[in-house]
Amino acid sequence: MRVRAIAATGACALLLLSGCASAVALDVDHAVAPAAVPAGPPLWVGDLETGDLSQFQDGPWNDVGGTPPKVVTSPVRSGRYAVRLQLTGATDASDGICCGSRNELLPKFRDLKEGDDLYFGFSTYLQKGFALHPEWQLITQFKQNFDGSPPLALYVEDAQYKVEGGYGYPFGPHPFAVPIGPVTTDVWVDWVWHVKFSTDPRIGFVEVWQDGQLVVPRYAPETGTLYPGTGDRAGSYVKTGPYRDPTVTTPATMYLDNWRISTTLAAAVG
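What you see is a predicted model, and the numbers here were worked out from it, not measured in a lab.

**Quick look at the overall build of the protein**
The number of helices and strands found in the protein is two helices and 15 strands. Buried residues in the protein amount to 52% of all 270 residues. When contacts within the protein are restricted to residue pairs at least 6 apart in sequence, long-range pairs at least 24 apart make up 69% of them. Carbon and sulfur atoms make up 56% of the accessible area of the protein, which totals about 11000 Å².

Right, dumping it as structure tokens:
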């Protein structure tokens, strides 16, 4: 059972606010989008066009402090359906989770392993009232197969989208944060994340497109894009939906549509 928690300490928050994000500079030399190649079929699609959640794993432990995910007909990014993910308040120890409310979906896709070079396309819609809070909230994470915060995630903090990670590095926290831009509500945002997965920062990197624009050129965290692990602790997996600091208690609604995992940018865009 994948029960995971994020322990975003006050010290890390202070480091983040003081600019600890600059551990590895953005590689401006790689700021050009990859050359066009034949798209081929995606490796996995989560477009909700089945009218249910059958494209995703059954993971009730990823729904704590909210209502169950629900397939809806409005708003949608494409096709007929999207999915609504809601948080209704805070959690406590009786909910069986230590570190905050979550309402997340897991694709029916294999674990992410050393050397994988993949594109992840998805569309998010934060409904008006989604807290633009200074404390941590994330809406997509590439999560290691053991407890602690992820090596790589899409955060909503201080009314900004950010690429963050490194807090849960097994050999000591090395947090980083790369600002993307202002958060918008009541509008669909199209994302593509290109991730080369590796524990080696000389190999692993991330690139991010927002609404077709390259907003994070090639960035290599010093903690890599995977955390070291052996056996069932090796690798990561991806999940999407709101997960937040316990101090953020206001109701929040997010919609998700048009998920794709592929080996090319073109196939991730759809």
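After that view, the rundown keeps rolling.
**Structural notes on the packing of aromatic side chains**
Counted according to the given criterion, the structure contains 17 aromatic pairs. With a centroid separation of 4.9 Å and an interplanar angle of 20 degrees, the aromatic rings of F122 and W259 are classed as stacked. Placement of the pair is F122 in strand β6 (residues 117-126) and W259 in strand β15 (residues 252-262), with a sequence separation of 137 residues. In this structure F122 comes out as buried when scored by relative accessible area, which is 1%. Arranged with centres 5.6 Å apart and planes meeting at 80 degrees, the rings of Y125 and Y255 form a pair that is edge-to-face. Note that Y125 is positioned in strand β6 and Y255 in strand β15, a separation of 130 residues in sequence. The same class applies to Y125 as to Y255, namely buried. A network of ring pairs unites the aromatic residues W44, F56, F120, F122, F142, W193, F197 and W259 as a single cluster.

**A few points about the pattern of salt bridges**
Enumeration over the complete set of coordinates arrives at nine salt bridges. When the shortest N-O distance is used, the salt bridge between K113 and D116 registers 3.3 Å. The class of K113 is partly exposed, set by a relative accessible area of 46%. Across the pair E157 and K162 runs a salt bridge, and its minimum N-O distance is 3.9 Å.

**A word on the nonpolar core**
One finds F120, F142, Y161, V163, W191, W193 and W259 to be the most contacted residues of the largest nonpolar core, which totals 41 residues. Among the elements that make up this core, the one with the highest residue count is β15 (five residues). Judged by nonpolar contacts, the second largest core, of six residues, contains W136, L138, A153 and Y167.

**A closer look at unusual backbone geometry**
The residue after S74, namely P75, is reached through a cis peptide bond having omega -5 degrees. Looking at the secondary structure, you find P75 in the loop between β3 (66-72) and β4 (82-87). One non-glycine residue with positive phi stands out, namely A159, at about 65 degrees. With respect to the helices, strands and loops of the structure, A159 is situated in the loop between β8 (152-157) and β9 (160-165). Assessed through its relative accessible area of 26%, A159 is described here as partly exposed.

**Looking at the side chain of N258**
Mapped onto the elements of the fold, N258 is located in strand β15. For N258, the residues in contact, after removing those within four places along its chain, are G46, D47, S78, G121, F122, S123 and V269.

**Some words on the environment of V248**
With respect to the secondary-structure elements, V248 resides in the loop between β14 (236-244) and β15. On the basis of relative accessibility, which here comes to 2%, the residue V248 falls in the buried class. Taking the C-alpha atoms as reference, V248 lies 7.4 Å from H133; in sequence the two are 115 residues apart.

**Considering empty space enclosed by the protein**
The full count for this structure, using the stated rule, is one cavity of 30 Å³ or more. Approximately 40 Å³ is the volume found for the largest cavity. As for the largest cavity, its lining consists of Q57, P107, F109, R110, L112, Y237 and V238. Partitioning the lining of the largest cavity into residue classes produces five nonpolar, one polar and one charged.

**Comments concerning the pairing of strand β10 (residues 176-182)**
When a strand is regular, its side chains alternate between the sheet's two faces. A large share of β10 lies buried, amounting to five of its seven residues. The sheet contact formed by β9 and β10 spans six bridges and is antiparallel. Looking across to β10, one finds that V163 is bridged to V178.

**Observations regarding the side chain of N103**
Its location among the elements puts N103 in strand β5 (residues 102-103). Here N103 falls in the buried class, since its relative accessible area comes to 0%. Looking at N103, its side chain comes within polar contact range of the main-chain oxygen of Q86, at 2.6 Å. Excluding its chain neighbours within four sequence positions, the residues that come into contact with N103 are N62, D63, G66, T67, P69, L85, Q86, L87, T240, G241 and P242.

Scoring rules and cut-offs
- Residues numbered from 1 in each chain as written.
- Predicted model: local features only at pLDDT ≥ 70, side-chain atom pairs only at ≥ 80, totals over all residues.
- Heavy atoms only, no water.
- Helix = DSSP H or I, 4+ residues; strand = E, 2+ residues; numbered from the N terminus.
- Buried < 20%, exposed > 50% of the residue type's maximum accessible area, 1.4 Å probe, protein only.
- Contact = heavy atoms within 4.5 Å.
- Areas by Shrake-Rupley, 256 points an atom, 1.4 Å probe, with all protein chains shown as cover.
- Phe/Tyr/Trp six-rings, centres within 6.5 Å; stacked < 30°, edge-to-face > 60°.
- Salt bridge = Lys/Arg side-chain N within 4 Å of Asp/Glu carboxyl O.
- Core = buried A, V, L, I, M, F, W, Y, C linked by side-chain atoms within 4.5 Å.
- 1 Å grid on protein atoms, 1.4 Å probe; cavity = no way out; pocket = protein on both sides within 12 Å on 5 of 7 lines; lining within 4 Å.
- Points joined across faces, edges and corners; volume = space filled by probe spheres on them.
- Nonpolar A, V, L, I, M, F, W, Y, C, P; charged D, E, K, R; others polar.
- Pairing = 2+ DSSP bridges.
- Polar contact = N/O pair within 3.5 Å; in protein donor to acceptor, adjacent residues only side chain to side chain.

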